[in-house]
Amino acid sequence: DAGITQSPRHKVTETGTPVTLRCHQTENHRYMYWYRQDPGHGLRLIHYSYGVKDTDKGEVSDGYSVSRSKTEDFLLTLESATSSQTSVYFCAIKTDTNYGYTFGSGTRLTVV
Amino acid sequence: KNEVEQSPQNLTAQEGEFITINCSYSVGISALHWLQQHPGGGIVSLFMLSSGKKKHGRLIATINIQEKHSSLHITASHPRDSAVYICAVDGATNKLIFGTGTLLAVQP
């Protein structure tokens, strides 16, 4: 199975502070994704990457930036966290297995 | 109109019942995915389908490409099957389009 790790698993931060979430894969899959999941909205794409230094915006990218300097790491940064960014964040990779996609365990972020 | 529609949104069943969750989509796809998420838990891929039918244990997934429709069946349902089931399609953009999910509760 493709290994994917998200860190941290939980974080509480104050409004206005920067926050970086990390997604790490143990293989060399090209596509990586960041989603947020909120009640009533389901999963929404924030940003995705199709290679090192190749990223693009998703449907809810405002207030977020990403970086991918190595194949295995995809970082999501909230430059100045707001309460509306309180959410559960999931990273995913597109694999070549029979299941297609593997999701991380999620990061529960609370902005107070 | 959403590109991926699931029904029902909520489903309550008694243990042992046969369950069907439906998914319809309106875009061209390379594959359709069924995902499972237990309350407060992570997201697990159950099936990836591009045609026909797949079976894993008590779960069966089918897809009809011509009708743009897929079904997820659970046979002999059990309380541990209680979860949100999400249909998602993979189009030409290497990005998933998600349905809104079906919340299943299986009562003992």
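Rules used throughout
- Residues numbered from 1 in each chain as written.
- Chains lettered and ligands numbered in written order.
- Predicted model: local features only at pLDDT ≥ 70, side-chain atom pairs only at ≥ 80, totals over all residues.
- Heavy atoms only, no water.
- 1 Å grid on protein atoms, 1.4 Å probe; cavity = no way out; pocket = protein on both sides within 12 Å on 5 of 7 lines; lining within 4 Å.
- Points joined across faces, edges and corners; volume = space filled by probe spheres on them.
- Helix = DSSP H or I, 4+ residues; strand = E, 2+ residues; numbered from the N terminus.
- Nonpolar A, V, L, I, M, F, W, Y, C, P; charged D, E, K, R; others polar.
- Contact = heavy atoms within 4.5 Å.
- Buried area = accessible area lost by both parts, 1.4 Å probe.
- Salt bridge = Lys/Arg side-chain N within 4 Å of Asp/Glu carboxyl O.

Trainee: Mind showing me how you'd approach the layout of surface pockets here?
Mentor: In this approach a probe as big as a water molecule rolls over the atoms, and the regions it shows empty are the leftover space. Space inside the largest pocket adds up to approximately 660 Å³. For the largest pocket, the lining is made up of 32 residues, of which Q37(A), D38(A), P39(A), Q37(B) and V84(B) are closest to its centre. For the lining of the largest pocket, the secondary structure elements donating two or more residues are β4 (32-38), β5 (42-51), β9 (87-94) and β11 (107-111) of chain A together with β9 (83-90) and β11 (102-107) of chain B. For the lining of the largest pocket, the element with the most residues is β9(A), which contributes 3 residues. Of the residues in the lining of the largest pocket, the class split is 9 nonpolar, 20 polar and 3 charged.

Trainee: Any chance you could explain the interface of chain B and chain A here in plain terms?
Mentor: Much of the literature gives interface size as the accessible area that the parts lose upon coming together. Tallying the contact residues gives 17 residues for chain B and 16 residues for chain A. Of the roughly 1,500 Å² buried between chain B and chain A on both sides combined, carbon and sulfur atoms contribute 57%. Among the residues chain B hides against chain A, the three largest losses belong to I43(B), N94(B) and F98(B). Together they make up 36% of the total. The tally of links between chain B and chain A comes to 1 salt bridge.

Trainee: Can you walk me through the environment of V27(B) in this structure?
Mentor: All names here are of chain B. Secondary-structure assignment places V27 in the loop between β3 (19-25) and β4 (31-37). Once the C-alpha coordinates of V27 and K68 are considered, the two residues, 41 residues apart in sequence, prove to be 8.3 Å apart. If near-sequence neighbours (up to four positions away) are discounted, V27 is found in contact with E3, K68, V89 and I97.

Trainee: Looking at this model, I keep getting lost on the pattern of salt bridges. Mind explaining?
Mentor: Close approach of charged atoms allows side chains of opposite charge to pair. Counted according to the given criterion, the structure contains 6 salt bridges over all chains. With a closest N to O distance of 3.3 Å, D90(B) and K94(A) form a salt bridge. Of this pair, D90(B) sits in strand β9 while K94(A) sits in strand β9, each in a different chain. Each of the salt bridges in this network shares a partner with another, and the network as a whole consists of R22(A), K70(A) and D73(A).

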